[in-house]
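# Geometric and topological summary
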Amino acid sequence: MNLAKAWAAQMDDYVIGLTWSPDGRSLAAASAAGPIGVYDGVTGAKLHELSGHSDGTNAVAFAPAAIGVAGPGSGPLLASGGQDGFVRFWDALGGKQSAEVNAGHGAWVENLQWKPTATDSNSQNPNLKMLAAAAGRKLLFLNPEGSIIHAFKDAPKTLSALAWHPGGGAIAAASFDRVVILDADDFRVQREFAYSGAIETLTWSPDGRWLVAGAQNNAVHLWIPEEDQEFHMSGYETKVRELSFSSDSRWLATGGSRDACVWDCTGAGPEGREPVALPHSTRVSAVAFQHTRDLLATAAIDGEVGFWRLTDGETRVAAVKLTAPPSSLAWSPDDNLLAIGSQKGGVLALRVAN
Amino acid sequence: MPADLRIPVTVLTGFLGAGKTTLLNRVLTERHGRKIAVIENEFGEIGIDNQLVIQADEEIFAMNNGCLCCTVRGDLLRILARLLKRKDKLDGVFIETTGLADPGPVAQTFFTDPEIREAYRLDGIVTVVDARHAAQHLDDGKEAKEQVAFADVILLNKTDLADAAALDRLEARLHRMNPVARIHRTRDCDIAIDKVLNVGGFNLSRATDLDPRFLEPEYPFEWAGLYQLAPGTYDLCIGAHSEGSEKECHHDHGGEDDHDHEGHDHHHGDDNELDIAFLPVALPTDSDYSTQSDAAQPAVTSATAAARDTAVQVFSDWEQSAKPGETITPGTILHRLHLDNGHAHFPVEVAHRGHYMLFTAHDVPTHLYAPGETLVRYIHDQDFRHEHSHDEEIASVGISLAGDLDGKRLNDWIGGLLAKKGQDIFRCKGVLAVRGSDKRMVFQGVHMTFDAKFDQPWGAAPRTNIFVFIGRNLSREELVSGFKSCMVG
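What you see is a predicted model; the values in this text were computed from it and never measured.

## Quick notes on the overall build of chain A
- On a plain count of helices and strands, chain A comes out with zero helices and 32 strands.
- Counting only residues that meet the buried cut, chain A has 61% of its 354 residues in that class.
- At a minimum sequence separation of 6, the contacts of chain A that also span at least 24 residues come to 44%.
- Here chain A has roughly 13200 Å² of accessible surface; of this, 46% comes from carbon and sulfur atoms.

What follows is the structure, encoded as structure tokens:
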């Protein structure tokens with residue numbers, strides 16, 4: 001396997017979010033202070049710096065390919081949310097804001113998730129182009145023009161995580177003590193699961209079978225909603241904020257400790273199985289499987305980024321050491337570039353040939 | 001020693017209407033220009049523009065396998081982690097809790113999570129108490145009591161709305177529950193900001209601020225009185241008279257300070273024995289100490305302290321028995337007085353004019369009569385009983401012991417103690433001398449969670465350990481003996 005530096009850029013504060021445009025030609029990076037940098041994915045040239053959010057940006061997400069900026073020559077559409085309570089939509093290539101919604105009215109917008117869409121964009125369903133935004137206790141479905149498609153009844157506590165079912169028919173939303181699965185079309189509660197603790201992050205396996213939560217009480221909780229099963233994997237050193245599934249839905253990589261812990265989710269699931277422990281010497285800060293290939297990248301706060309292949313047990317195929325603690329990892333849509341954001345504002349793109 | 005660069009956090013507790021928001025607005029106004037984040041439970045009351053105000057939910061959960069003593073606040077973990085990401089560092093964080101909130105989970109959040117613990121320092125818990133309603137709240141439920149027990153600083157607020165006597169009673173009550181907290185009386189929470197910010201609440205470095213009596217070691221006597229006596233034979237009357245007795249002993253308390261013997265109902269050991277020592281005290285007889293003039297105080301203090309130390313020696317010696325009516329002579333002798341139903345008279349022969357200090361093992365009515373049955377008033381007295389909590393389930397234990405601790409034994413003991421009793425121990429704090437380190441170990445805990453680190457060198461200061469526990473149903477004997485078992489040698 002070959003690793004090479006493609007490009008590097010520097011932002012003025014902690015890189016809190018990284019997102020690739022669906023065509024892989026641009027990368028947006030949000031700094032915790034607020035500004036959002038839009039970079040050329042290939043050269044790293046800074047195309048624009050968007051103002052982001054005045055008190056700090058919390059989340060950025062490029063819309064799927066089917067949803068572009070309206071009008072001729074449309075480019076990729078970027079959504080951002082911040083501590084000012086606003087959700088903003090940006091023409092990333094034009095460097096202009098296209099719409100905004102006051103979603104939180106003072107509450108932080110912490111999670112943005114575009115509804116997954118089929119590649120066929122000819123559907124007349126107006127709810128196809130939909131962004132789910134969580135602001136405090138509110139969950140809103142927004143369209144890219146900045147209007148509210150649906151505002152859900154306030155959750156009892158702050159919504160801490162969102163994850164669309166890969167099919168796009170439902171979204172899972174976590175607030176303290178529970179996870180609900182909400183229908184994307186009629187907005188009703190499909191399922192509700194109790195969880196005793198605070199959830200930091202949610203993810204679905206790509207096949208839609210597993211819903212997984214990383215939690216503050218040093219644990220990972222898994223549900224198979226279709227089979228009414230759930231599993232609790234505890235014993236992590238600290239809270240688990242890092243989750244990533246392999247494209248074949250077999251492996252679930254988790255942070256929360258000095259080892260990245262990878263569970264085998266085939267068949268009956270991870271319970272009773274020994275996880276694969278991928279060793280780091282400091283706390284793992286990000287994990288990311290490739291979208292379609294089989295490489296897993298893991299980052300730890302001492303700056304080490306490891307590349308692993310799990311097919312034959314644990315194999316570290318490469319590693320690099322950065323000078324600043326990595327805060328986020330994002331594979332380009334074609335899996336050829338890994339973008340690494342750092343706590344010190346660095347953005348590094350590595351070319352990965354495997 | 002590098003300075004502690006962590007962001008200081010102040011937790012504000014108090015019942016609804018006590019004045020938390022008033023205090024918060026005051027702090028934010030005075031610290032205008034500083035970057036202070038305020039985490040509050042409801043929006044809308046902060047009157048200062050451009051402040052970072054974040055709404056919190058009370059997401060309380062148990063960190064470790066449902067252990068109730070390790071409950072933390074999930075919302076705070078999330079918000080504090082996000083606030084850390086900005087490189088322009090906060091100057092401070094205020095967390096305002098709801099009126100009925102238990103401060104435990106908030107405080108424990110700063111001990112349990114490594115990321116939060118590395119970046120934030122719990123500076124202090126400030127409890128605002130409404131002078132009008134506090135007594136009622138303290139009687140009604142556990143919330144108000146716990147908020148007092150947790151506090152590093154108590155603002156006795158709205159003093160303009162309560163009368164002086166009620167304020168004194170309330171302050172005394174708060175002090176009994178939590179003798180380590182600094183209590184300030186305020187109107188409209190008007191107080192110098194440095195009294196509530198950067199108080200170093202978990203740091204007992206200003207241990208001299210503590211009530212000295214609270215930290216006194218155990219003494220084998222409960223009461224002492226200082227008398228100025230001329231030569232002659234005095235009558236020492238112990239206990240209240242039985243009915244029909246000729247001489248009334250109990251009608252007069254015999255002192256200026258209204259030493260209220262009858263007010264306590266303590267029965268220790270054998271009611272028909274009382275150990276006493278009657279010690280000469282080296283004080284010049286030409287001054288009038290009874291005026292308690294400021295000028296005379298240092299002399300009295302040092303003389304009585306010396307007498308106290310002598311008395312400790314005397315009380316560890318063999319006793320001399322005295323039956324009722326047998327003569328007592330002043331000196332370094334432990335007298336075991338035999339009483340008749342808790343009562344007896346003993347002649348005391350005083351050969352020289354001077355000061356004498358009477359130490360009694362128990363706090364029982366004690367009166368001294370000069371020839372002619374004139375009551376002799378003591379010019380100074382001291383209560384050596386520890387402040388047992390008579391009316392509150394929440395109380396505190398302070399230990400002060402000179403010498404070095406064994407680090408491992410200390411760790412085992414405190415770890416075991418908190419694991420077993422953590423639910424009942426709200427706060428514990430200590431400044432400790434550990435063998436092998438020239439630095440002070442600063443210890444702080446909330447329920448089962450605790451943190452210990454070395455800070456500044458002892459330097460010329462005496463290596464005296466101070467340890468304070470505030471909680472429910474604490475056994476002083478158990479804590480003292482446990483702590484002593486950690487001492488070296």
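## What about the pattern of salt bridges?
All names here are of chain B.
- Scanning all chains against the criterion turns up 45 salt bridges over all chains.
- The shortest N-O distance in the salt bridge between Glu-319 and Arg-336 comes to 3.3 Å. In this pair, Glu-319 sits in strand β13 (residues 319–322) while Arg-336 sits in strand β14 (residues 331–338), placing the two residues 17 residues apart along the sequence.
- Its relative accessible area of 22% is what places Arg-336 among the partly exposed residues.
- A salt bridge links Asp-412 to Lys-408, with the shortest nitrogen-to-oxygen separation between them at 2.6 Å.

## Quick look at unusual backbone geometry
All names here are of chain B.
- Here Glu-373, not a glycine, exhibits a phi torsion of approximately 60°, which is positive.
- With respect to the helices and strands, the residue Glu-373 is situated in the loop between β17 (366–370) and β18 (374–376).
- The backbone of Asn-473 shows a phi angle near 50°, a positive value even though the residue is not glycine.
- Here Asn-473 is to be found in the loop between β24 (464–472) and α11 (476–484).

## A closer look at helix α1 (residues 20–30) of chain B
- What α1 of chain B keeps buried is the set Lys-20, Thr-21, Leu-23, Leu-24, Asn-25, Val-27 and Leu-28 of chain B.
- Taken together, the buried residues of α1 of chain B touch β1 (7–14), β2 (36–40), β6 (92–96), β7 (120–130) and β8 (153–157) of chain B.

## What about empty space enclosed by the protein?
Residue and element names in this part refer to chain B.
- The final tally for this structure, using the stated rule, is four cavities of 30 Å³ or more.
- What lines the largest cavity is a set of 14 residues, and nearest its centre among them are Phe-15, Val-128, Val-129, Ala-134 and Ala-144.
- Breaking the lining of the largest cavity down by element, the ones donating at least two residues are β7, α5 (134–140) and α6 (142–150).
- Its residues assigned to classes, the lining of the largest cavity shows nine nonpolar, four polar and one charged.

## Describing the sheet that holds strand β30 (residues 326–331) of chain A
Residues and elements named next belong to chain A.
- Strand order in the open sheet formed by four strands is β1-β32-β31-β30, and the pairing between neighbours is antiparallel. Edge strands, defined here as strands with exactly one partner in the open sheet, are β1 (2–10) and β30. If you compare each strand with its neighbour and ignore which way they point, the axes differ by 20° on average.
- Bridge count for β30 against strand β31 (residues 337–342) is five bridges, and the pairing is antiparallel. Its bridge partner being in β31, Ser-328 is matched across the sheet by Gly-341.

## Observations regarding the interface of chain A and chain B
- Across the contact, 28 residues belong to chain A and 26 residues belong to chain B.
- When chain A packs against chain B, close to 2300 Å² is buried across both sides, 48% of that on carbon and sulfur atoms.
- A per-residue breakdown of the area chain A buries against chain B is headed by Trp-108, Phe-176 and Gln-216 of chain A, which together make up 24% of the total.
- Taken together, the links from chain A to chain B amount to five salt bridges.
- Put simply, Asp-57 of chain B and Arg-137 of chain A hold a salt bridge, and the shortest N to O gap is 2.4 Å.
- Those elements that place two or more of their residues in the side of chain A that touches chain B are β6 (57–62) and β18 (199–204) of chain A.

## Topic: the packing of helix α10 (residues 407–421) of chain B against α11 of chain B
Residues and elements named next belong to chain B.
- For the pair α10 and α11, interaxial distance at closest approach is 10 Å and the crossing angle is 155°. Here α10 lies roughly antiparallel to α11, going by the angle between them. Considering the relative orientation of α10 and α11, their crossing is right-handed. Contacts between α10 and α11 involve Trp-413, Leu-417, Lys-420 and Lys-421 from the first element and Glu-478, Leu-479, Gly-482 and Phe-483 from the second.
- Split by residue class, the contact of α10 with α11 holds four nonpolar, one polar and three charged.

## Digging into the packing of aromatic side chains
Residues and elements named next belong to chain B.
- Throughout the structure, instances matching the rule amount to 25 aromatic pairs over all chains.
- Measuring from ring centre to ring centre gives 6.5 Å for Trp-413 and Phe-467, while their planes differ by 80°; the resulting arrangement is edge-to-face. One end of the pair, Trp-413, is in helix α10; the other, Phe-467, is in strand β24, and 54 residues separate them in sequence.
- Note on Trp-413: relative accessible area 15%, which makes it buried.
- Each member of the aromatic cluster is reached from another via a ring pair, and the members are Trp-413, Phe-443, Phe-450, Phe-467, Phe-469 and Phe-483.

## Some points on the nonpolar core
- Formed by 43 residues in total, the largest nonpolar core has its most connected members in Leu-229, Leu-236, Leu-337, Phe-346, Phe-359 and Leu-368 of chain B.
- Sorting the residues of this core by element identifies β10 (223–229), β11 (232–238), β12 (273–281), α9 (297–315), β14, β15 (344–350), β16 (354–360) and β17 of chain B as the ones contributing at least two each.
- One finds Ala-198 of chain A together with Ile-39, Cys-70 and Phe-150 of chain B within the second-largest nonpolar core, a separate group that totals 40 residues.

## So, the pairing of strand β20 (residues 394–402) of chain B
Residue and element names in this part refer to chain B.
- Counting buried positions along β20 gives seven out of nine residues, so the element sits mostly inside the fold.
- Relative to β24, β20 is paired through nine bridges, and the arrangement is antiparallel. Residue pairing across strands places Ala-402 opposite Thr-464, the latter belonging to β24.

## Here's the deal with the side chain of Arg-88 of chain A
- Relative to the assigned elements, Arg-88 of chain A resides in strand β8 (residues 86–91).
- Among the polar contacts listed, one links the side chain of Arg-88 of chain A to the side chain of His-53 of chain A, at a separation of 3.1 Å.

## Let's talk about the confidence of the model for chain B
All names here are of chain B.
- When pLDDT is averaged across chain B, the result is 82; 82% of the residues are at 70 or more.
- pLDDT under 50 marks residues 242–268. Its contacts with residues more than four places away, or in other chains, come to 54 contacts.
- Scoring of the predicted complex yields 0.76 for pTM and 0.89 for ipTM.

## Observations concerning the environment of Val-15 of chain A
Residue and element names in this part refer to chain A.
- One can find Val-15 in strand β2 (residues 15–20).
- Look at Val-15 and you get buried, because its relative accessible area is 1%.
- When sequence neighbours within four positions are dropped, the list of residues in contact with Val-15 reads Ala-29, Ala-30, Ser-327, Ser-328, Gly-341, Ser-342, Gly-345, Gly-346 and Val-347.

## Here's the deal with the environment of Ile-394 of chain B
All names here are of chain B.
- Along the chain, Ile-394 falls in strand β20.
- With relative accessibility at 1%, the residue Ile-394 sits in the buried group.
- Placed 31 residues apart in sequence, Ile-394 and Ile-425 show a C-alpha to C-alpha distance of 9.4 Å.

## Remarks on the sheet that holds β2 of chain A
Residue and element names in this part refer to chain A.
- Read from one edge of the open sheet, four strands run β2-β3-β4-β5, paired in antiparallel fashion. Of all strands in the sheet, those with a lone pairing partner are β2 and β5 (46–50), marking the two edges. The mean inter-strand angle of the sheet, taken between neighbouring strand axes irrespective of direction, is 15°.
- As paired elements, strand β3 (residues 26–31) and strand β4 (residues 36–40) share five bridges and run antiparallel to each other. Looking at the pairing, Ser-26 lines up with Asp-40 of β4.

## Considering the side chain of Asp-406 of chain B
Residues and elements named next belong to chain B.
- Mapped onto the fold, Asp-406 is located in the loop between β20 and α10.
- Judged by its relative accessible area of 13%, Asp-406 falls in the buried class.
- Among the polar contacts made by the side chain of Asp-406, one reaches the main-chain amide nitrogen of Lys-408 at a distance of 3.1 Å.
- Beyond its immediate sequence surroundings of up to four residues, Asp-406 is in contact with Arg-435, Cys-486 and Val-488.

How each quantity is defined
Residues numbered from 1 in each chain as written. Chains lettered and ligands numbered in written order. Predicted model: local features only at pLDDT ≥ 70, side-chain atom pairs only at ≥ 80, totals over all residues. Heavy atoms only, no water. Helix = DSSP H or I, 4+ residues; strand = E, 2+ residues; numbered from the N terminus. Buried < 20%, exposed > 50% of the residue type's maximum accessible area, 1.4 Å probe, protein only. Contact = heavy atoms within 4.5 Å. Areas by Shrake-Rupley, 256 points an atom, 1.4 Å probe, with all protein chains shown as cover. Salt bridge = Lys/Arg side-chain N within 4 Å of Asp/Glu carboxyl O. 1 Å grid on protein atoms, 1.4 Å probe; cavity = no way out; pocket = protein on both sides within 12 Å on 5 of 7 lines; lining within 4 Å. Points joined across faces, edges and corners; volume = space filled by probe spheres on them. Nonpolar A, V, L, I, M, F, W, Y, C, P; charged D, E, K, R; others polar. Pairing = 2+ DSSP bridges. Axes fitted to C-alpha atoms, helices over the stretch in contact; angles between N-to-C directions. Buried area = accessible area lost by both parts, 1.4 Å probe. Parallel < 35°, antiparallel > 145°, perpendicular 65-115°, else oblique. Left-handed = near helix turned anticlockwise from the far one by under 90°. Phe/Tyr/Trp six-rings, centres within 6.5 Å; stacked < 30°, edge-to-face > 60°. Core = buried A, V, L, I, M, F, W, Y, C linked by side-chain atoms within 4.5 Å. Polar contact = N/O pair within 3.5 Å; in protein donor to acceptor, adjacent residues only side chain to side chain. pLDDT = per-residue confidence, 0-100.

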